[in-house]
Amino acid sequence: GIVEDTTRSMLGNIFRRVSIQQESPGHDGENSGDTKKDPRLVPFRIHKRIVTTPVGKPLRLLNCPSKLVKVMADAMRAHHRIRWDADILHRDISSNNVLFYETDDGDVQGLLIDFDHAIDLSAVKTKCHLDRSGTLPFMSITNLAKQVDLVTGLDDWESALYVFSWIGTYGFNRELAPDPAIRNKLHIRKWCEGSLDDITNTKRDNLGTANSFYSLTDQFLQKLPNVELLEELVHELRTTLFENPNLALEFRGTHLIIDGYGTDETVTNPFEKRTTKERELMDSLLQVLESFADRTKDLRLIKK
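Read on for an overview of the structure. As a convention, each chain's residues are numbered from 1 in the sequence order in which they are written. Note on the predicted model: pLDDT of at least 70 is required for a residue's local features to be given, and 80 or more for side-chain atom pairs to be given and counted; whole-chain, interface and lining totals, by contrast, use all residues. The side-chain quantities take in all heavy atoms of the structure and omit both hydrogens and water.

## A short note on the overall build of the protein
- Secondary structure assignment for the protein yields 10 helices and nine strands.
- For the protein, with 304 residues in total, the buried portion stands at 41%.
- Any two residues whose heavy atoms approach within 4.5 Å are treated as being in contact. Taking all contacts inside the protein whose residues are at least 6 apart in sequence as the whole, residues at least 24 apart take part in 63%. Counting from the N terminus, the helices are DSSP H or I runs at least four residues long and the strands are E runs at least two residues long. Relative accessibility under 20% of the residue-type maximum defines a buried residue, over 50% an exposed one, and the middle range a partly exposed one, all with a 1.4 Å probe and only protein chains included.

## What about the packing of helix α4 (residues 153–170) against helix α8 (residues 227–242)?
- Lines fitted to the C-alpha atoms define the axes, with helices restricted to the stretch that makes contact. Angles between their N-to-C directions range from 0 to 180 degrees. Taken N-terminus to C-terminus, the directions of α4 and α8 make an angle of 155°; their axes are 10 Å apart at the nearest point. Judged by the inter-axis angle, α4 sits roughly antiparallel to α8. Note on packing geometry: the crossing formed by α4 with α8 is left-handed. Note on element contacts: α8 touches α4 through Leu230, Leu233, Val234, Leu237, Arg238, Leu241 and Phe242, opposite Leu154, Trp157, Glu158, Leu161, Phe164, Ser165 and Gly168.
- Ten residue types, Ala, Val, Leu, Ile, Met, Phe, Trp, Tyr, Cys and Pro, are classed as nonpolar, four, Asp, Glu, Lys and Arg, as charged, and the remainder, Gly among them, as polar. Grouping the amino acids of the contact of α4 with α8 by side-chain chemistry returns 10 nonpolar, two polar and two charged. An angle counts as roughly parallel when it lies under 35 degrees, as roughly antiparallel when it exceeds 145, as roughly perpendicular when it falls between 65 and 115, and as oblique in every other case. Take the far helix as the reference: if the near one is turned anticlockwise from it by less than a right angle, the crossing is left-handed, and if turned clockwise, right-handed.

## Details of the packing of aromatic side chains
- Here a pair means two rings of Phe, Tyr or Trp (six-membered ring of Trp) with centres within 6.5 Å. Their orientation is stacked below 30 degrees between planes, edge-to-face above 60, and tilted elsewhere. Enumeration according to the criterion identifies four aromatic pairs in this entry.
- A ring pair is formed by Trp166 and Tyr170, whose centres lie 4.7 Å apart and whose planes are at 45°; its orientation type is tilted. Taken together, the residues Trp166 and Tyr170, both in helix α4 and four residues apart, mark about one turn of the helix.
- Judged by centre distance (6.2 Å) and plane angle (75°), the rings of Phe242 and Phe271 are edge-to-face. A residue pair is termed long-range when its members are at least 10 positions apart, and Phe242 in helix α8 and Phe271 in helix α9 (residues 270–275) qualify at 29 residues. The same class applies to Phe242 as to Phe271, namely buried.
- Every member of this aromatic cluster is reached through a ring pair, and the members are Phe138, Trp166 and Tyr170.
- Residue placement shows Arg83 over the ring face of Trp84; its charged tip is 3.9 Å from the ring centre.
- Only lysine NZ and arginine CZ atoms are considered, and such an atom sits over a ring when it is within 6 Å of the ring centre and within 35 degrees of the ring normal. The ring of Phe292 is capped by Arg295, whose NZ or CZ atom sits 4.6 Å from the centre of that ring.

As structure tokens, this is what we get:
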């Protein structure tokens, strides 16, 4: 809608606090030198506009999964460097926070943006670290469950997995989106419906086993070019993150592991276990994504 472009409308309730009383001529006229305070308030009329040049385009303007893989590989490579070189955790990987730009040779490159929720892990924990952050469909299970003391770079990788899954199901834009009748039957819809507990449990079930995840990826848009590349990628990322064969059983899965009964019962949280292997797992996840990005080069050569 149309917005009134005035200082009063922009400042709202603080308008009077940044206003001054106007000096007005006295009763004897402007040349008398006699002035008095006018009871009316006149704001400081300083109006600034900042115009910037776009540095990238949103993911919705892409047209095939192979380009998405390349763009996301660049973004997550930047995420990796920032995490381990600068000790900064992004905490909001989503389809809106990755941009791309086209190079002169027709290739694409990715940019990671929007560090509003980022935290400095080298600093003392603050209240901002104790809040959920992110975009609902892409929020990690730990984040949704508000176990934010366990949030690491692995949660951002989980969010990246959700970005691939979301776009694989819904497409990049309305032109590629599934028909309305199909959208009503999509399993992934439950990632943003119901309470946070409902969404958390849904994601635990969807990501818990390969078979349950196949039921979700079976609904990927088959009209997307090279969609099979995306399907293969998300399954390998899920396995690397949640069922990594190089880790012991207590590190695997998305549900709490309960052993014994009564007073002998022990509860193991695989998410907590995996935080101790953050660097190792992040290295493996980046290696997986980069290997798929390299495969897109072969796809471009075949297309040419």
